[in-house]
Amino acid sequence: MDWLNAVVQGTLLGGLYALFAAGLSLIFGVMRLVNIGHGDFIVLAAYLGLTVTTATGLHPLLALIVVVPTMGVIGYVLQRGLLNQTLGDDLLPPLLVTFGLSVILQNGLLEVYSADPQKMEAGALETASFAVGGLNLGVLPVLTFAVAVAVIWGLQWTFYHTALGRAFRAVSDNQDIAQLMGLNRRHIFGVAMALALGVTAIAGILLGIRTSFDPSIGGGRLIFGFEAVIIGGLGNLWGTLAGGVILGVAQTVGAKIDPGWQILSGHLAFLFILAIRPNGLFPRISA
Amino acid sequence: MPEPILQMHALDAHYGDFQALYGVDMEVSEGEVLAIIGSNGAGKTTLMRSITGLLSNEPSQITYHREDISSLRADEVAMRGLAMVPEGRQLFPSLSVRENLMIGAQVGRKGPWSLDAVYKLFPILDERKDQQSTSLSGGQQQMVAIGRALMANPDLILFDEISLGLAPIIIKDIYDALPGIIGEGMSAIIVEQDISKALSVSSRVYCLQEGRVSLEGASDTVSREDISRAYFGIE
């Protein structure tokens, strides 16, 4: 029963990792941009949530109403004002620029919020749980997993059933020809980044309710997000959810064997899958 | 003489240090079908890229409906009713046939062309509408590329090498369909290496040679000798 518990808890944790990863997967899929600052944007969203909840007394989940659009606007402006200029045949400029953004964000957060760990108060939600067949499930992890499924379903639906998704795929396929069809790729990329950071906002708030955070933890979230994307296969959002779950289960099962092995076993599972399936489990874009 | 819809004045084009077009003067009248012929590397595709805005030009080199479009981006040019069937078809592989056609309608211009009208023109596309565009034969892909351009309800449509890489029977089908496509007051520029095909559907012809206009005339009066001289540069 303990092992089953570890697997179930890991699966639920995987939902949070999938939320970390969904934004990364989205922007890589649309514009082949690898955002090294992604983890720091998650942390930024958590801090924005903290500011909103302390200033207004709102519940952290209600703070999403403010934080998601705010992050979306930041994403659009950032893409149009800065990141579009780095895109081209060379992969290196966007890597360097987003790495720089990561440093700036960390130091900016340190300046404004100090290095003290913070946490969002979510009241009863933090500790509420219910029993299912002998397992105790936390309401927050179950909610997180449900949100992850909903977000990925929503992104997938947007990609395959809306004019915006069609534009995303067309621009991703062939930028010049898409431009000939009247699609301004700079605007499309801006919208994609807005959407990605909107998802990041959800991830950041749920992270901030679940654990304490400080300005330095972005890098770790980036790694978990990356690993989930790579395990699942590039360009496949449901694969990203599967990747998050595999990573989460590997971590909780590792922690069950020895609490010190939690992070290590996640990385080992990632390396193992990378070794046997270099393109991930369910790749849509062939490497 | 109807009013010119598209004019080029002393158009130069460069790729870095390499100059591909030298002072090209050209015009297309409303409702006219123009053919542009020339050998590989004569500058035909460069000319298409300049007109559509994929290459940026110096100001006042290209006017469309009396508006200077030289420095507009490709999507802004497309919005003004200028569509292209690109060389090599260049469909979007991640999109189904229907979605490829829908992307063409993205510019939101009103006109006779809709999904139904395209399916009526090419019934096979209706049968294949949910397939990935890459699973179609070359000729069917060309139909999608033409339909995609028509969905924009353009005033001027550019056909870049539509017979390239297709079987002669397919080329014949597509050229037979062209008059029905170009009707309704649309103007067209047809870029072709197949000279007789180009002459048969056009009213005027330009020949490019090493980035310069080497011949201009009515398609039914230019002689074979003039064309080979203009095409190959043999005196």
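Residues numbered from 1 in each chain as written. Chains lettered and ligands numbered in written order. Predicted model: local features only at pLDDT ≥ 70, side-chain atom pairs only at ≥ 80, totals over all residues.

What follows deals with the overall build of chain B. Secondary structure summary: chain B contains 9 helices and 10 strands in total. Against the 2.2 N^0.38 benchmark of 18 Å for 235 residues, chain B shows a C-alpha radius of gyration of 17 Å, consistent with a compact globule. With the C-alpha coordinates aligned to their principal axes, the bounding extent of chain B is approximately 50 × 40 × 35 Å. A separation threshold of at least 6 residues defines the contact pool for chain B, and within that pool the share at least 24 residues apart is 66%. (Helix = DSSP H or I, 4+ residues; strand = E, 2+ residues; numbered from the N terminus. Rg over C-alpha atoms; globule rule 2.2 N^0.38 Å. Contact = placed C-beta atoms within 7 Å.)

Okay, the sheet that holds strand S5 (residues 67–68) of chain B next. Where strands meet in a sheet, backbone hydrogen bonds hold them as pairs that are either parallel or antiparallel. All names here are of chain B. Spatially, 4 strands are ordered S2-S1-S4-S5 in an open sheet, and the strand pairing comes out antiparallel. Every other strand in the sheet has two partners, leaving strand S2 (18–29) and S5 as the edge strands with one partner each. Helix H1 (residues 44–52) contacts strand S1 (4–15), S2 and strand S4 (62–64) of the sheet and is inclined by roughly 65° relative to S2. (Pairing = 2+ DSSP bridges. Axes fitted to C-alpha atoms, helices over the stretch in contact; angles between N-to-C directions.)

Attention shifts here to the interface of chain A and chain B. Taken residue by residue, the interface counts 14 residues in chain A and 20 residues in chain B. Of all the elements in the fold, those that place two or more residues in the side of chain A that touches chain B are helix H6 (163–173) and helix H7 (175–180) of chain A. Residue contributions to the side of chain A that touches chain B peak at 5 residues, all from H6 of chain A. When its residues are assigned to classes, the side of chain A that touches chain B shows 5 nonpolar, 5 polar and 4 charged. (Nonpolar A, V, L, I, M, F, W, Y, C, P; charged D, E, K, R; others polar.)

Now for the environment of Gly-104 of chain B. Here Gly-104 of chain B is to be found in helix H3 (residues 97–104). Not counting the four nearest positions on each side in its chain, Gly-104 of chain B is found in contact with Met-181 of chain A together with Arg-148, Ala-149, Met-151 and Ala-152 of chain B.

Residues and elements named next belong to chain B. Looking at the assigned domains, one finds that chain B contains domain 1 (1–81 + 155–235) and domain 2 (90–154). Domain 1 and domain 2 are separated by 23 Å when their C-alpha centres are compared. Listed as interface residues are 16 residues of domain 1 and, on the opposing side, 12 residues of domain 2. Sorting the residues of the side of domain 1 that touches domain 2 by element identifies helix H2 (74–79), strand S7 (156–160) and helix H7 (168–182) as the ones contributing at least two each. (Domains from an automatic or database assignment.)

If you look at the biggest cluster of nonpolar residues, it comprises 157 residues, and the most contacted ones within it are Leu-19, Ala-192 and Ile-202 of chain A. By residue number, the principal contributor to this core is helix H8 (residues 185–210) of chain A, which donates 16 residues. Counting contributing residues per domain, this core is built from domain 1 (1–81 + 155–235) and domain 2 (90–154) of chain B, each supplying no fewer than three. Discounting residues that sit within four places of it in the chain, Ala-192 of chain A has contacts with Leu-26, Ile-27, Val-30, Met-31 and Phe-168 of chain A. (Core = buried A, V, L, I, M, F, W, Y, C linked by C-beta atoms within 7 Å. Buried ≥ 20, exposed ≤ 12 C-beta atoms within 10 Å, placed from the backbone.)

Below, the discussion takes up the packing of helix H5 (residues 139–161) of chain A against H8 of chain A. All names here are of chain A. The interhelical angle for the contact between H5 and H8, taken along N-to-C directions, is 175°, at an axis separation of 11 Å. When the interaxial angle is binned, H5 and H8 end up roughly antiparallel. In this structure, H5 uses Leu-140, Thr-144, Val-147 and Val-151 to contact H8, whose residues at the interface are Val-199, Ile-202, Leu-206, Ile-209 and Arg-210. Residues that form the contact of H5 with H8 fall into these classes: 7 nonpolar, 1 polar and 1 charged. (Parallel < 35°, antiparallel > 145°, perpendicular 65-115°, else oblique.)

On to unusual backbone geometry, then. All names here are of chain B. One non-glycine residue, Ser-60, lies in positive phi territory at about 60°. Of note, Ser-60 is situated in the loop between H1 and S4. Of the residues examined, Ser-60 has 11 C-beta atoms within 10 Å and is grouped as exposed. Notably, Glu-161 is not glycine yet its phi reads approximately 50°, a positive angle.

All names here are of chain B. The topology assignment puts Arg-204 in strand S9 (residues 204–209). Judged by the 21 C-beta atoms lying within 10 Å of it, Arg-204 is buried. As for Arg-204 and Gln-132, which are separated by 72 residues in sequence, their C-alpha atoms are 38 Å apart. Ignoring any residue separated from it by four or fewer positions in sequence, one finds Arg-204 in contact with Glu-32, Leu-34, Gly-217, Ala-218 and Ser-219.

With that settled, the discussion passes to the packing of helix H2 (residues 38–56) of chain A against H8 of chain A. All names here are of chain A. As a packed pair, H2 and H8 sit with axes 7 Å apart at the nearest point and diverge in direction by 65°. Handedness of the crossing formed by H2 with H8: right-handed. Taken together, the residues of H8 that come into contact with H2 (itself represented by His-38, Phe-41, Ile-42, Val-43, Leu-44, Ala-45, Ala-46, Gly-49 and Leu-50) are Leu-197, Thr-200, Ala-201, Ala-203, Gly-204, Ile-205, Leu-207 and Gly-208. Looking at the contact of H2 with H8 residue by residue, the classes come out as 12 nonpolar, 5 polar and no charged. (Left-handed = near helix turned anticlockwise from the far one by under 90°.)

This next bit is on H6 of chain A. Within the span of H6 of chain A, buried status applies to Arg-166, Ala-167, Phe-168, Arg-169, Ala-170, Val-171 and Ser-172 of chain A. The inward-facing, buried residues of H6 of chain A abut helix H1 (2–31), H5, H7 and H8 of chain A together with H3 of chain B.

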